[in-house]
Amino acid sequence: MPTPNYAAPAADESHRLLLWPGLAADHRLCGPLLAHLPEAGVTAINEPKPDEPMRDYARRYAETLRSELPEDGRYAVGGFSFGGQLAMELAAVLDPTPLGIILICGVRGTHQISDAFKRQQRLGSMIPSFIAKKVYVPFARNFARRDRLDPASAELLLDMARDIDPAFLNWSSLACASWPGPPEGLDIPIRHVHGELDQIIPDVRGEADETIEGARHLISLTHPREVANFIQRSLKTFNLERADGR
């Protein structure tokens, strides 16, 4: 499998929040957020093994992240959509354990992943790469229109679609669709922000801590300031919880 096109500047000790992007995207999806979050960084994704479950991948990946974690343990992990699933898996095995987890249009459990979404991801993974590459850009164009992106954000989404590694997208799509839910015994505070009109991963039970009115799925592009403000408030809460010994 080729090296995935998710490479980004690795987080270092100045970064107190390690972020991961969602399906069919890379670090550029978080770019507007980082403009408001000097304490955050997007980490480089490791190369997965074919058919590797997300949980096994996270255990391997966690070993390579050790050098990027602040020694005092005062950091958090988070992600957008699929990246949130990965963040939860990593939170269960990282040492030191993160202060908390931030979900951006993410899922708290399998109840938020519809059967239709699972079928779509599994069918998509069966399409030969040379055909898949031809549909990524039209799909991204429709996605941009549906989420009402401004021209610059729409072009960014198209650029990411052009750069997708089909092998990595196939793996991540299957890993997302077959995810068994949060690791058992995961006892870390979770903060969750969601778009009110998100149709990709609807917040069916109203579990988000904050819902952005009128927003759809790609809130890191359409509402970066609101999401960044939520994240900064959440990081302060995580620090207080650790200071209180909880």
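Residues numbered from 1 in each chain as written. Predicted model: local features only at pLDDT ≥ 70, side-chain atom pairs only at ≥ 80, totals over all residues. Heavy atoms only, no water.

**With respect to the pairing of strand S3 (residues 76-80)**
Phase 1: Within S3, five of the five residues are buried, leaving the element largely enclosed by the surrounding structure.
Phase 2: What you see with S3 is no split at all: Ala76, Gly78 and Phe80 on one side and Val77 and Gly79 on the other are buried throughout.
Phase 3: As defined by bridge partners, strand S1 (residues 17-20) adjoins S3 across four bridges and the pair is classed as parallel. Each bridged residue has a counterpart across the sheet, and for tryptophan 20 the counterpart in S3 is glycine 79.
Phase 4: Bridge count between S3 and strand S4 (residues 101-104): four bridges; the pairing is parallel. In the strand pairing of S4, valine 77 is matched with isoleucine 101.
Phase 5: Crossover S3 to S4 through helix H3 (residues 82-91) is right-handed. (Buried < 20%, exposed > 50% of the residue type's maximum accessible area, 1.4 Å probe, protein only. Helix = DSSP H or I, 4+ residues; strand = E, 2+ residues; numbered from the N terminus. Pairing = 2+ DSSP bridges. Right-handed = clockwise from strand over helix to strand, strands pointing away.)

**Quick look at helix H6 (residues 151-163)**
Phase 1: Here H6 contains 13 residues, and its C-alpha end-to-end distance of 19 Å stays within 8% of the 18 Å for a straight helix at 1.5 Å per residue.
Phase 2: Summarising the contacts, the buried residues of H6 are in contact with helix H5 (129-146) and helix H8 (219-222).
Phase 3: Two or three places before alanine 152, at the opening of H6, aspartate 150 has a side-chain oxygen 3.1 Å from that residue's backbone nitrogen. (Expected span 1.5 Å × (residues − 1). Contact = heavy atoms within 4.5 Å. Polar contact = N/O pair within 3.5 Å; in protein donor to acceptor, adjacent residues only side chain to side chain.)

**Some points on empty space enclosed by the protein**
Phase 1: Applying the stated criterion across every chain yields a total of two cavities of 30 Å³ or more.
Phase 2: Estimates place the volume of the second largest cavity at around 40 Å³.
Phase 3: Around the second largest cavity, the lining residues are Arg146, Asp147, Leu197, Gln199, Ile200, Arg216 and His217.
Phase 4: Tallied by class, residues from the lining of the second largest cavity come to two nonpolar, two polar and three charged. (1 Å grid on protein atoms, 1.4 Å probe; cavity = no way out; pocket = protein on both sides within 12 Å on 5 of 7 lines; lining within 4 Å. Points joined across faces, edges and corners; volume = space filled by probe spheres on them. Nonpolar A, V, L, I, M, F, W, Y, C, P; charged D, E, K, R; others polar.)

**Considerations on the sheet that holds S3**
Phase 1: The parallel open sheet is built from six strands, whose spatial order is S2-S1-S3-S4-S5-S6. The sheet is open, and its two edges are formed by strand S2 (40-42) and strand S6 (210-212), each paired on a single side. Shown here is a sheet whose adjacent strand axes are inclined to one another by a mean of 20 degrees, direction ignored.
Phase 2: For strand S5 (residues 190-195) and S6, the ladder comprises three bridges, and the chain directions are parallel. Among the inter-strand pairings, valine 193 is bridged to a residue of S6, identified as glutamate 210. (Axes fitted to C-alpha atoms, helices over the stretch in contact; angles between N-to-C directions.)

**A short note on the environment of glutamate 47**
Phase 1: With respect to the element layout, glutamate 47 can be found in the loop between S2 and helix H2 (54-65).
Phase 2: By relative accessible area, glutamate 47 is classed as partly exposed at 36%.
Phase 3: When the C-alpha atoms of glutamate 47 and tryptophan 179 are compared, they prove to be 18 Å apart, with 132 residues separating the residues in sequence.

**A word on H3**
Phase 1: In terms of residue burial, H3 counts as a mostly covered element, since 10 of its 10 residues are buried.
Phase 2: Looking at H3, one finds that the buried residues are Phe82, Gly83, Gly84, Gln85, Leu86, Ala87, Met88, Glu89, Leu90 and Ala91.
Phase 3: Buried residues in H3 make contact with S1, H2, S3, S4, helix H7 (166-177) and S5.

**Let's talk about a nonpolar patch on the surface**
Phase 1: Where nonpolar side chains cluster on the molecular surface, the patch consists of Ile127, Phe130, Ile131 and Val135 and spans about 340 Å² of accessible area.
Phase 2: Tracing the chain through its elements places isoleucine 131 in helix H5.
Phase 3: Residue isoleucine 131 is classed as partly exposed on the basis of its relative accessible area of 35%. (Patch = residues over 30% accessible without salt bridge, like charges linked within 9 Å, V, L, I, M, F, W, Y side chains within 5 Å. Areas by Shrake-Rupley, 256 points an atom, 1.4 Å probe, with all protein chains shown as cover. Salt bridge = Lys/Arg side-chain N within 4 Å of Asp/Glu carboxyl O.)

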